[in-house]
Amino acid sequence: MLSVYVDLALGLVVSFLLLSLLVSGVNEAFVRVLAIRSKFLWAYLRDTMDGADDKTGSWLPAKIRDVFTALPFLRDPRPRHSDLPAPAEAGGLPDPEHRAGDSMINLLYERVREIDHAKRGRTSIANIPPGRFAVAVMELAAGQDGDVDRFLEKLKAIDSPLYGPLKGIWETAQRDLDRFRQGIETWFDSEMQRLSMLYKRYVKWVVAVLGLLVTLVFSMDGLEYAKTLLRDNAFRASVTAVAEAGPDAYNELKARCSGEDPMRCVTETLSQPALVRMLDQGLVNVSIPEQGDPSMHWNGGLWWDRISTPSHWPGFLLTYVALLFGAPFWWDVFRRITGIKARR
């Protein structure tokens, strides 16, 4: 009896692991294609250096809706890419009457664009090391004959939000240039940590939406799947044996995955026909015969019947909540059940 429940647990963990990996993969593809990380960084830099836009407000998403609409599609905060190297001397700060909404961000981009490559005509820089940002600010200050007080006064004149933090750092450094640079580096590093936390909080909403879509597209009823594992001995054996039924299946899995990247190895190993059966009720049915090529079939009628049947909703909810824990959580549970040790 204990073996039955261990098999049940393993079967559920395997299904949640695979679906969580799918959610993570779709999310990563979404982030890469739309350059979300880069846009997030430059939206913060625009707000910090040039201030909010007079018409549209802050560049950083203020609402969850903006994460899905404004930032990915409507407003691109990234500067235009340039193949030219950084100029020998930093450009001067603009006069207040000639200041544009992207004056400071363009000056910063000039100082860091040597590490850039184009992506649809825009910069692809998604991370600026704190040390490099501090040097860039010092180069901008050097453009004012090295007079930091004059540099700060110009920032104040053009109403740059950067004035406040730099003024405080300059006073704390007691007008010592080396301590000023170190202070800028420390401040920017802490700002990047805060930005990362904000980014992760918004990404959780994206993952939540993707988890819901994956659950519904595959109509994965976790309760129904658990009942199948308990009642169908043959199916349970095929799932828990992973590749081939037999008492040494787990040892075989350990041997195959101990000498390489375990996540990739286990993902490939688990993607076997026995486990693909859990996706039979999806919008698209994937068939993998013992011989021949896999085939895909439209399964819209059966899929809609399942989605519109209230008795399946508790199982969908179970699957959805499980996917919110994420692939790393289910990988750790799977590793503990099977005894696979983490790679060191």
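Everything below is about the structure printed above this text.
This is a predicted model, so every value here is computed, not measured. (Residues numbered from 1 in each chain as written. Predicted model: local features only at pLDDT ≥ 70, side-chain atom pairs only at ≥ 80, totals over all residues. Heavy atoms only, no water.)

(A) Molecular detail of the overall build of the protein. The secondary structure content of the protein amounts to 17 helices and four strands. Across the 344 residues that make up the protein, the buried fraction comes to 44%. Taking all contacts inside the protein whose residues are at least 6 apart in sequence as the whole, residues at least 24 apart take part in 70%. For the protein, the accessible area works out to roughly 18,500 Å², and carbon and sulfur atoms hold 57% of it. (Helix = DSSP H or I, 4+ residues; strand = E, 2+ residues; numbered from the N terminus. Buried < 20%, exposed > 50% of the residue type's maximum accessible area, 1.4 Å probe, protein only. Contact = heavy atoms within 4.5 Å. Areas by Shrake-Rupley, 256 points an atom, 1.4 Å probe, with all protein chains shown as cover.)

(B) Spatial organisation of the packing of helix 2 (residues 36–49) against helix 9 (residues 177–217). At a minimum axis distance of 11 Å, the contact between helix 2 and helix 9 shows a crossing angle of 130°. Compared by their axis directions, helix 2 and helix 9 come out oblique. Between helix 2 and helix 9 the crossing geometry is right-handed. Taken together, the residues of helix 9 that come into contact with helix 2 (itself represented by Ile36, Arg37, Phe40, Leu41, Tyr44, Leu45 and Thr48) are Trp187, Phe188, Glu191, Met192, Arg194, Leu195, Leu198, Tyr199 and Tyr202. (Axes fitted to C-alpha atoms, helices over the stretch in contact; angles between N-to-C directions. Parallel < 35°, antiparallel > 145°, perpendicular 65-115°, else oblique. Left-handed = near helix turned anticlockwise from the far one by under 90°.)

(C) Quick look at the side chain of Ser38. Checked against the element boundaries, Ser38 lands in helix 2. Non-local contacts of Ser38, meaning those with residues more than four positions away in its chain, are made with Arg78, Thr123, Ser124, Ile125 and Ala126.

(D) Main features of the nonpolar core. Trp42, Leu45 and Phe133 are the most contacted members of the largest nonpolar core, which totals 75 residues. The biggest single contributor to this core is helix 9, with 13 residues. Once you skip the residues sitting within four places of it in the chain, Trp42 turns out to touch Pro77, Arg78, Pro79, Ile105, Leu108, Tyr109, Val112, Thr123, Ile125 and Ile128. (Core = buried A, V, L, I, M, F, W, Y, C linked by side-chain atoms within 4.5 Å.)

(E) Expanded view of the side chain of Asp50. By secondary structure assignment, the location of Asp50 is in the loop between helix 2 and helix 3 (64–68). The class of Asp50 is buried, set by a relative accessible area of 5%. Of the polar contacts made by the side chain of Asp50, one reaches the backbone nitrogen of Met104; its length is 2.9 Å. Discounting residues that sit within four places of it in the chain, Asp50 has contacts with Leu45, Arg99, Ala100, Gly101, Asp102, Ser103, Met104, Ile105 and Pro161. (Polar contact = N/O pair within 3.5 Å; in protein donor to acceptor, adjacent residues only side chain to side chain.)

(F) Region of the structure containing the packing of aromatic side chains. Applying the stated rule across the entire model yields 13 aromatic pairs. Relative to Tyr109, the ring of Trp42 lies with its centre 6.2 Å away and its plane at 75°, an arrangement referred to as edge-to-face. On the criterion of sequence distance, the pair formed by Trp42 in helix 2 and Tyr109 in helix 5 (residues 103–112) is long-range, its members being 67 residues apart. Since its relative accessible area comes to 0%, Trp42 is described here as buried. Classification of Tyr109 by relative accessible area gives buried; the value is 4%. Every member of this aromatic cluster is reached through a ring pair, and the members are Phe16, Phe325, Phe329 and Trp330. Positioned over the ring face of Trp59 is Arg46, at 4.8 Å from the centre of the ring. Of note, Arg75 hangs over the ring of Trp59, and the distance from its end group to the ring centre comes to 4.4 Å. (Phe/Tyr/Trp six-rings, centres within 6.5 Å; stacked < 30°, edge-to-face > 60°. Lys NZ or Arg CZ within 6 Å of the ring centre and 35° of its normal.)

(G) Spotlight on the pattern of salt bridges. Scanning all chains against the criterion turns up 15 salt bridges. The partner of Arg194 in a salt bridge is Glu191, and the shortest N-O contact between them spans 3.0 Å. With a gap of three residues between them, Arg194 and Glu191 both fall in helix 9, about one helical turn apart. Assessed through its relative accessible area of 45%, Arg194 is described here as partly exposed. Note on Glu191: relative accessible area 15%, which makes it buried. (Salt bridge = Lys/Arg side-chain N within 4 Å of Asp/Glu carboxyl O.)

(H) Summary view of the packing of helix 6 (residues 130–142) against helix 9. In the contact formed by helix 6 and helix 9, the axes pass within 8 Å of each other and the chain directions differ by 130°. Regarding the angle of helix 6 to helix 9, the classification is oblique. Handedness of the helix 6/helix 9 crossing: right-handed. Contacts between helix 6 and helix 9 involve Pro130, Gly131, Phe133, Ala134, Val137 and Met138 from the former and Leu177, Phe180, Arg181, Ile184, Glu185, Trp187, Phe188 and Asp189 from the latter. Broken down by class, the residue content of the contact of helix 6 with helix 9 amounts to ten nonpolar, one polar and three charged. (Nonpolar A, V, L, I, M, F, W, Y, C, P; charged D, E, K, R; others polar.)

(I) View of helix 15 (residues 300–307). For helix 15, the full list of buried residues reads Gly300, Trp303, Arg306 and Ile307. Buried residues of helix 15 fall within an arc of 125° about the axis and therefore sit on the same side. Looking at the buried side of helix 15, the elements it contacts are helix 9, helix 10 (222–231), strand 4 (295–298) and helix 16 (313–324). (Arc of directions from axis to C-beta.)

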